[in-house]
Amino acid sequence: MNSAQLEIQLIASLVAIACAIPGTFLVLRKMAMISDAISHAILPGIVVGFFITQDLNSPLLILLAALTGIITVVLVEYIQKTGLVKEDTAIGLVFPALFSIGVILIAKNANDVHLDVDAVLLGELAFAPFDRLLFNGIDIGPKSLWVVGLILLVTVSLLILFFKELKLSTFDEGLSASLGFSPAIIHYGLMSVSSVTTVGAFDAVGAILVVALMISPAASAYLLTTDLKKMLGLAISFGVFSAVFGYWVAHWLDASIAGSITTVLGLVFLLVYLFAPTKGIIAVMYRERQQQIEVSLLTFLLHLKNHDELEERHVNHLYEHINWQKVRAKSVLDLAQKNNMIRLDKNIVSLTEKGDQFTSKAIDYIMTNEDAQIEDMKADFFLFRG
Amino acid sequence: MDKIAVKVDDLTVAYNYKPVLWDIDLEIPEGVLMAIVGPNGAGKSTLIKSILGILKPIAGSVSFYGKPYSKQRQLVAYVPQKGSVDWDFPTTALDVVMMGTYGSLGWIKRPGQKEKKSALEALEKVGMLTFKNRQISQLSGGQQQRIFLARALVQNASIYFMDEPFQGVDATTEVAIINILKELRRANKTVIVVHHDLQTVPEYFDWVTFLNVKKIATGPVKDIFNDDNLTKTYGINYKVSIQE
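First things first, this report covers the structure right here in the doc. Along each chain, residues carry numbers from 1 onward, in the same order as the chain's sequence is written. Key to labels: chains lettered from A, ligands numbered from 1, both in the order written. In keeping with the model being predicted, local features are shown solely for residues with a pLDDT of at least 70 and side-chain atom pairs are shown and tallied solely at 80 or more, while totals for entire chains, interfaces and linings include all residues. Heavy atoms throughout the structure, all of them, feed into the side-chain values; hydrogens and water do not.

## Section: the overall build of chain B
Thought 1: Secondary structure counts use DSSP, requiring at least four H or I residues in a row for a helix and at least two E residues in a row for a strand, with both numbered from the N terminus. The helix and strand tally for chain B stands at ten helices and nine strands.
Thought 2: By the compact-globule yardstick of 18 Å for 244 residues, chain B fits well, its C-alpha radius of gyration being 18 Å.
Thought 3: Referenced to the eigenvectors of the C-alpha coordinate spread, the extents of chain B come out at roughly 50 × 35 × 35 Å.
Thought 4: Only protein chains enter the calculation, and the probe is 1.4 Å; a residue is then buried if its accessible area is under 20% of its type maximum, exposed if over 50%, and partly exposed in between. In chain B, which comprises 244 residues, the proportion classed as buried is 55%.
Thought 5: Method for areas: the Shrake-Rupley scheme with a 1.4 Å probe, in which residue coverage is limited to the protein chains shown. Summed over all atoms, the accessible surface of chain B reaches about 11,000 Å², with 48% contributed by carbon and sulfur.
Thought 6: None of His or the chain ends enter the tally, which takes Lys and Arg as positive and Asp and Glu as negative. The location of each charge is read from NZ of Lys, CZ of Arg, CG of Asp or CD of Glu. Averaged over its 29 positive side-chain charges, chain B has a centre that lies 7 Å from the centre of its 25 negative ones. C-alpha atoms define the radius of gyration in this analysis, and the globule rule sets the expected value at 2.2 Å times the number of residues to the power 0.38.

Here it is, written out as structure tokens:
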């Protein structure tokens with residue numbers, strides 16, 4: 001691995017971390033699409049900034065572009081507040097308009113410089129190491145590394161300082177307002193960080209990948225944990241993993257780095273979506289099936305409880321009385337026997353004491369919806385987990 | 001009960017220029033347990049939210065013991081409607097209760113052992129200590145409501161606002177909540193509750209405000225909770241038998 005390769009992976013990883021942090025809060029605030037809007041709408045800000053500074057890495061350019069990001073958010077909210085259109089429509093109205101202004105500005109005035117629409121959409125990480133930062137004539141590394149590093153430093157500091165406020169206003173805006181933590185300040189603070197991060201990351205990885213790096217790792221992490229700090233940690237890990245692994249995929253395939261990283265991000269999400277232990281699709285399907293069996297079990301136990309007559313409890317009649325298919329009947333009987341809820345005596349099924357108690361408790365719970373008595377049953381039965 | 005805890009003057013609130021609260025004057029004496037009742041869309045939640053500055057009124061003012069809310073935040077606790085937050089948010093019961101301590105901490109400062117201790121005490125008071133580490137989506141509706149109540153309790157406020165705390169809770173939780181509310185009143189706290197169930201008003205509360213866009217009446221339950229005011233508020237003939 002040569003130093004240029006190392007630098008590219010380092011830049012990609014720092015961008016991934018810088019994106020995962022605001023991305024986590026955007027996902028929790030159900031504002032994922034706003035990152036898409038910002039990433040496109042900052043284009044006119046970048047172009048105008050470039051005309052003024054003639055330097056793609058100038059701090060002024062980054063601030064101007066971030067300002068366009070904020071304007072996007074304000075415009076979206078303003079249009080939405082009129083009540084004439086919904087939020088997603090407002091987003092769809094605002095960012096193409098701003099983006100196209102940027103496209104026209106480039107076409108009219110910036111054809112001869114390194115600022116074209118392809119680079120804006122897809123970025124070009126591969127070229128990042130060529131643009132060096134000189135300090136007193138000494139080469140101190142690629143410019144984007146410094147830009148992204150600085151943005152990351154600011155983002156992490158803000159996260160540490162205002163973690164409590166971010167959590168509170170994301171979870172409960174009303175309480176946040178009533179306790180004196182203005183949700184508007186926190187909201188625009190988050191939007192500013194998202195905009196600055198987007199601008200800083202943009203030159204390196206492009207508009208589309210910025211969105212993927214913000215949303216995809218956070219969405220994957222959301223399916224895996226119920227702790228905000230762990231969610232942030234996981235989102236960062238997924239982002240960095242995808243950045244590094246994506247780089248090598250691009251290397252092996254000789255393809256676009258940005259494209260490969262985004263593909264890996266998508267695959268990571270797919271795996272999590274399928275296999276996450278509690279929220280994953282397979283776990284959910286398993287749980288639904290178990291619940292179905294448990295409902296049948298309860299129906300069956302209740303039938304036994306309500307009927308003393310022997311013919312109602314004879315094995316041969318159970319199928320027709322409860323009207324089940326044989327397959328399900330077998331899993332239900334297995335479950336009941338595993339839990340010592342029934343006993344079989346000369347082909348007559350009856351409730352054990354445990355089965356009797358269980359049935360009473362469960363029916364009681366279903367009628368009163370009071371959790372207190374069934375806490376111990378939650379561990380063994382999905383049915384009671386709400 | 002001479003002191004006025006909350007005073008509302010000429011409060012008018014509008015959504016898109018349509019008034020939802022019209023010229024409300026209200027004086028809530030210290031130490032009362034007050035229900036705000038009125039039909040759907042009467043502006044009950046809006047009244048609480050604008051008193052607390054969560055919504056901006058287009059006219060009027062509110063004071064707490066004679067001072068504006070921004071100076072008296074420490075005195076006031078708020079329990080929003082359960083449905084106002086996303087219970088899938090990745091956090092635990094204890095953590096949600098801790099949020100009640102954030103107001104006294106102010107910006108940047110983090111909660112420490114002291115805050116954790118008072119959060120645990122509040123959890124115990126609402127009978128939820130065993131659930132402290134449970135993820136909030138794994139709690140039942142009644143348990144979630146109790147978490148919200150515990151979060152208000154840690155604020156250790158003088159005035160409590162609650163938006164439909166009995167909505168969708170089981171009977172045990174309802175009793176637990178009302179007992180805590182009565183305990184707060186015994187400690188001379190002022191408690192204001194948006195309430196839906198007219199039957200329980202005389203049993204639970206000692207003060208009531210009838211609201212339907214305008215204020216219809218406010219005062220002690222024994223004096224003003226009658227068919228006349230109910231009919232004025234709900235617009236149809238109402239008959240309730242008030243148990244003496």
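## As for the overall build of chain A
Thought 1: Assigned secondary structure in chain A consists of 16 helices and four strands.
Thought 2: Its C-alpha radius of gyration of 29 Å places chain A more than 25% over the 21 Å reference for a compact globule of 386 residues.
Thought 3: Over its C-alpha atoms, taken along the principal directions, chain A stretches across nearly 95 × 50 × 35 Å.
Thought 4: Any two residues whose heavy atoms approach within 4.5 Å are treated as being in contact. Excluding contacts between residues fewer than 6 apart, the proportion of contacts in chain A whose partners are at least 24 apart in sequence is 65%.
Thought 5: Separation of charge centres in chain A, based on 26 positive and 35 negative side chains, amounts to 6 Å.

## Some thoughts on the packing of aromatic side chains
A ring pair, where both rings are aromatic, is described by two values, the distance of the centres and the angle of the planes.
Thought 1: Stacked, edge-to-face and tilted are the three classes for Phe, Tyr and Trp ring pairs, Trp counted by its six-membered ring, which pair at centre distances within 6.5 Å; planes under 30 degrees apart are stacked, over 60 edge-to-face, the rest tilted. Per the counting criterion, the structure on display carries 14 aromatic pairs over all chains.
Thought 2: Ring geometry for Phe162(A) against Trp107(B): centres 6.0 Å apart, planes inclined by 80 degrees, an arrangement best described as edge-to-face. Of this pair, Phe162(A) sits in helix 7 (residues 143-171) while Trp107(B) sits in the loop between helix 4 (102-105) and helix 5 (113-125), each in a different chain.
Thought 3: Among the residues examined, Phe162(A) registers a relative accessible area of 25% and is labelled partly exposed.
Thought 4: Since its relative accessible area comes to 37%, Trp107(B) is described here as partly exposed.
Thought 5: An aromatic cluster is present here, built from Phe171(A), Trp87(B), Phe89(B) and Phe148(B) joined pairwise through their rings.
Thought 6: A cation over a ring is seen here: Lys164(A) above Tyr102(B), with NZ or CZ 5.6 Å from the ring centre.
Thought 7: Its end group placed over the ring of Phe148(B), Arg151(B) keeps NZ or CZ at 4.3 Å from the ring centre. Whether a charge sits over a ring depends on NZ of Lys or CZ of Arg being within 6 Å of the ring centre and within 35 degrees of the ring normal.

## Thoughts on the sheet that holds strand 6 (residues 159-163) of chain B
All names here are of chain B.
Thought 1: The pairing criterion is simple: DSSP has to find at least two bridges between the two strands. The six strands are arranged 5-6-7-3-8-9 in an open sheet whose pairing can be described as mixed. Among the strands making up the open sheet, the edge pair consists of strand 5 (76-79) and strand 9 (214-220). Adjacent strand axes in the sheet meet at a mean angle of 15 degrees when their direction is disregarded.
Thought 2: Examined bridge by bridge, strand 3 (residues 33-37) and strand 8 (residues 207-212) share four bridges and lie parallel to one another. Note on method: axes are straight lines fitted to C-alpha atoms, helices fitted across the in-contact stretch only, with angles between N-to-C directions ranging 0 to 180 degrees.

## Notes on the side chain of Glu294(A)
Residues and elements named next belong to chain A.
Thought 1: Relative to the helices and strands, Glu-294 is located in helix 12 (residues 281-306).
Thought 2: Accessibility expressed as a relative area gives 3% for Glu-294, which makes it buried.
Thought 3: Sequence-distant contacts of Glu-294, defined by excluding residues within four places in its chain, comprise Leu-335, Asp-380, Phe-381, Phe-382 and Leu-383.

## A look at the pattern of salt bridges
Thought 1: Salt bridge, as used here: a side-chain nitrogen of Lys or Arg that lies within 4 Å of a carboxyl oxygen of Asp or Glu. Under the counting rule described, the total for this entry stands at eleven salt bridges over all chains.
Thought 2: Note that Asp86(B) and Lys30(A) form a salt bridge whose closest N and O atoms lie 2.8 Å from each other. With one member in each of two chains, Asp86(B) in the loop between strand 5 and helix 3 (93-98) and Lys30(A) in the loop between helix 1 (3-28) and helix 2 (32-41) form a pair that bridges those chains.
Thought 3: In this structure Asp86(B) comes out as partly exposed when scored by relative accessible area, which is 26%.
Thought 4: Classification of Lys30(A) by relative accessible area gives exposed; the value is 58%.
Thought 5: Salt bridges sharing partners connect three or more residues here, namely Glu7(A), Arg132(A) and Asp139(A).

## Some points on the packing of helix 9 (residues 183-222) of chain A against helix 10 (residues 228-253) of chain A
Residue and element names in this part refer to chain A.
Thought 1: One way to put it is that helix 9 packs onto helix 10 with a least axis distance of 8 Å and a crossing angle of 125 degrees. What the angle tells us is that helix 9 and helix 10 run oblique. Considering only the axes of helix 9 and helix 10, their crossing is right-handed. Along its contact with helix 9, which presents Leu-213, Pro-217, Ala-218, Ser-220, Ala-221 and Tyr-222, the element helix 10 presents Met-231, Leu-234, Ala-235, Phe-238 and Gly-239. Each angle is binned into one of four classes, with values under 35 degrees roughly parallel, values over 145 roughly antiparallel, values of 65 to 115 roughly perpendicular, and all other values oblique. By the definition used in this description, the sense in which the near helix is turned from the far one sets the handedness, with an anticlockwise turn below a right angle giving left-handed and a clockwise turn giving right-handed.

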